[in-house]
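This is what each chain is made of:
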Amino acid sequence: MLKKLLKALVNKAAQAFGYELVAVSRNGFLINYRGIRKLLYFKRMLEHVKNIKGDIVECGVASGGSFVYLSILAKEENQGRKLWGFDSFEGLPEISAEDKDSGINPKKGDMRASVAEVNKLLARSRIGEDFIESNISFVKGFFNESLKKYKAGPIAMLHIDVDIYDSYVTVLNELFPKVAVGGIVLFDEYMNSVENVNWPGAKKAIDKYFANTPFSVCRDELWGKFYLIKTEPFPKMINLQNK
């Protein structure tokens, strides 16, 4: 009874924003209160790049929650954007010394998910097989190898949700130069208290990479996550070493 009531309330809230509760995932509702807030956050971020041509790239797909929201918004935007999802789908790589003071003691293999899980969630979203086949690509592998396979056009939105220092370093080294001027980079882990405790290496990598550059990290006040807009070309980026 309580579950039915909760589902009805969540569905009503979703409909208020023009969305429909369509499925239940293994971790709960596909769209719940937190999910709606996250979806609206991505919508605000996509507004920043509505006039910027380029793909949407997510590094750190995991089980696909964020990727599905980005896919829904890209379809609604109807600009023909391609979506790329990069993940090892084998969990985290080796943990470096920069992450050793984490409050959750992450280990190699943690955060494991599969492409099949993501595809199942996409199917449940009812986004449509045609859109999935023509606009969505997944690249499996650790970032030091897989990101070199990105040969597409400029990136309008880069969502980085990779948790640890070495992964942030690799993603920024490989993909930030490919972000279009006016494009946006979203950081899932940065300065919120939980992220700082759980993933301290993320902030270290971000701060080090953008030190002495013209770019500033901003905070979305409604969701609390951080992002950066590439306001100008900057060809002489520092290439951080993974150490």
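Look up: the structure comes first, before these words.
For clarity, every value in this text was computed on a predicted model and none was experimentally measured. Residue indices follow the written sequence of each chain, beginning from 1 at its first position. The model is predicted, so local features are restricted to residues of pLDDT at least 70 and side-chain atom pairs to those at 80 or more, both for listing and for counting; the totals for chains, interfaces and linings are taken over all residues. Hydrogens and water are ignored here; the side-chain numbers use all heavy atoms of the structure.

(A) Focus on the packing of helix α7 (residues 165-175) against helix α9 (residues 200-210). Their axes nearest at 7 Å, the elements α7 and α9 cross at an angle of 35°. Every pair of crossing elements has a handedness; the one defined by α7 and α9 is right-handed. Within the contact between the two elements, α7 uses Tyr165, Tyr168, Val169, Leu172 and Asn173 and α9 uses Gly201, Ala202, Lys204, Ala205, Ile206, Lys208, Tyr209 and Phe210. The class makeup of the residues in the contact of α7 with α9 is 9 nonpolar, 2 polar and 2 charged. Angles here are taken between N-to-C directions and fall from 0 to 180 degrees, while the axes themselves are lines fitted to C-alpha atoms, restricted in helices to the stretch in contact. Labels follow the DSSP assignment, with helices taken as runs of H or I lasting at least four residues and strands as runs of E lasting at least two, numbered in each case from the N terminus. Should the near helix be turned anticlockwise from the far one by less than a right angle, the crossing is termed left-handed; should it be turned clockwise, right-handed. Here, two residues are considered to be in contact whenever any of their heavy atoms come within 4.5 Å of each other. Nonpolar residues are Ala, Val, Leu, Ile, Met, Phe, Trp, Tyr, Cys and Pro. Charged residues are Asp, Glu, Lys and Arg, and all others, Gly as well, are polar.

(B) Structural detail: the pairing of strand β4 (residues 83-87). Throughout this description, buried means an accessible area under 20% of the type-specific maximum (1.4 Å probe, protein chains only), exposed means over 50%, and partly exposed covers the range between. For β4, a buried count of 5 out of 5 residues is recorded, marking the element as mostly surrounded by other parts of the structure. Two strands qualify as a pair provided that DSSP identifies no fewer than 2 bridges between them. As judged from the 4 bridges shared by strand β3 (residues 55-59) and β4, these two strands associate in the parallel manner. If you follow valine 57 over to β4, its bridge partner there is tryptophan 84. A right-handed crossover is one whose linking path, passing over the helix from the first strand to the second, runs clockwise when the strands point away from the viewer. In this region the chain leaves β3, passes through helix α3 (residues 65-77) and returns to the parallel neighbour β4; the handedness of that crossover is right-handed. By the bridge criterion, 5 bridges tie β4 to strand β5 (residues 136-140) in an arrangement that is parallel. Looking at the pairing, aspartate 87 lines up with lysine 140 of β5.

(C) Structural detail: α7. Counting buried positions over the 11 residues of α7 gives 10, a clear majority of the element. Along α7, the positions that sit buried rather than exposed are Tyr165, Asp166, Ser167, Tyr168, Val169, Thr170, Val171, Leu172, Asn173 and Leu175. Elements that come into contact with the buried residues of α7 comprise β3, α6 (143-146), β6 (155-160), β7 (179-187) and α9.

(D) Region of interest: the pattern of salt bridges. The salt bridge criterion pairs a side-chain nitrogen of Lys or Arg with a carboxyl oxygen of Asp or Glu, the two atoms within 4 Å. Scanning the entire structure with this criterion turns up 11 salt bridges. For aspartate 220, the salt bridge is made with arginine 44, and the minimal N-O distance between the two is 2.7 Å. A residue pair is termed long-range when its members are at least 10 positions apart, and aspartate 220 in the loop between β8 (217-219) and β9 (226-229) and arginine 44 in helix α2 (residues 33-48) qualify at 176 residues. A relative accessible area of 8% places aspartate 220 in the buried class. Close ionic contact of aspartate 101 with lysine 204 constitutes a salt bridge, the shortest N to O distance being 3.8 Å. Of the two residues, aspartate 101 sits in the loop between β4 and α4 (115-124) while lysine 204 sits in helix α9, which places them 103 residues apart along the sequence. Taking the relative accessible area as the measure of exposure, aspartate 101 reaches 52% and is therefore exposed. You can call lysine 204 partly exposed: its relative accessible area is 32%.

(E) Seen up close, the pairing of β9. In this sheet, β9 lies alongside β7 in antiparallel orientation, the contact comprising 4 bridges. By the bridge assignment for β9, isoleucine 184 is matched with isoleucine 229. Where β8 hands over to β9, the hairpin turn is made up of 6 residues, of which glycine 224 adopts a positive phi near 90°.

(F) Summary view of α3. An ideal rise of 1.5 Å per residue puts 18 Å on 13 residues; α3 measures up with 19 Å between its terminal C-alpha atoms. Every buried residue of α3 is listed here: Ser66, Phe67, Val68, Tyr69, Leu70, Ser71, Ile72, Leu73 and Ala74. In the stretch just after α3, asparagine 78 is the one whose phi turns positive, near 60°. Expected span of a helix: the number of residues minus one, times 1.5 Å.

(G) Local environment of the side chain of glutamate 58. Along the polypeptide, glutamate 58 turns up in strand β3. Charge assignment in this entry is limited to Lys and Arg as positive and Asp and Glu as negative, and neither His nor the chain termini are counted. The buried charged residue glutamate 58 lacks any salt bridge, with lysine 38 as its nearest oppositely charged partner at 6.7 Å. Apart from the residues within four sequence positions on either side, glutamate 58 is in contact with Ser66, Phe67, Leu70, Trp84, Gly85, Phe86 and His159.

(H) Just the packing of α2 against α3, in detail. At a minimum axis separation of 10 Å, α2 and α3 run at an interaxial angle of 50°. Compared by their axis directions, α2 and α3 come out oblique. When the axes of α2 and α3 are compared, the crossing they make is right-handed. Contacts from Gly35, Lys38, Leu39, Phe42, Lys43 and Leu46 in α2 reach Ser66, Tyr69, Leu70, Leu73, Ala74 and Glu77 in α3. Throughout, the term roughly parallel applies to angles under 35 degrees, roughly antiparallel to angles over 145, roughly perpendicular to angles from 65 to 115, and oblique to all others.

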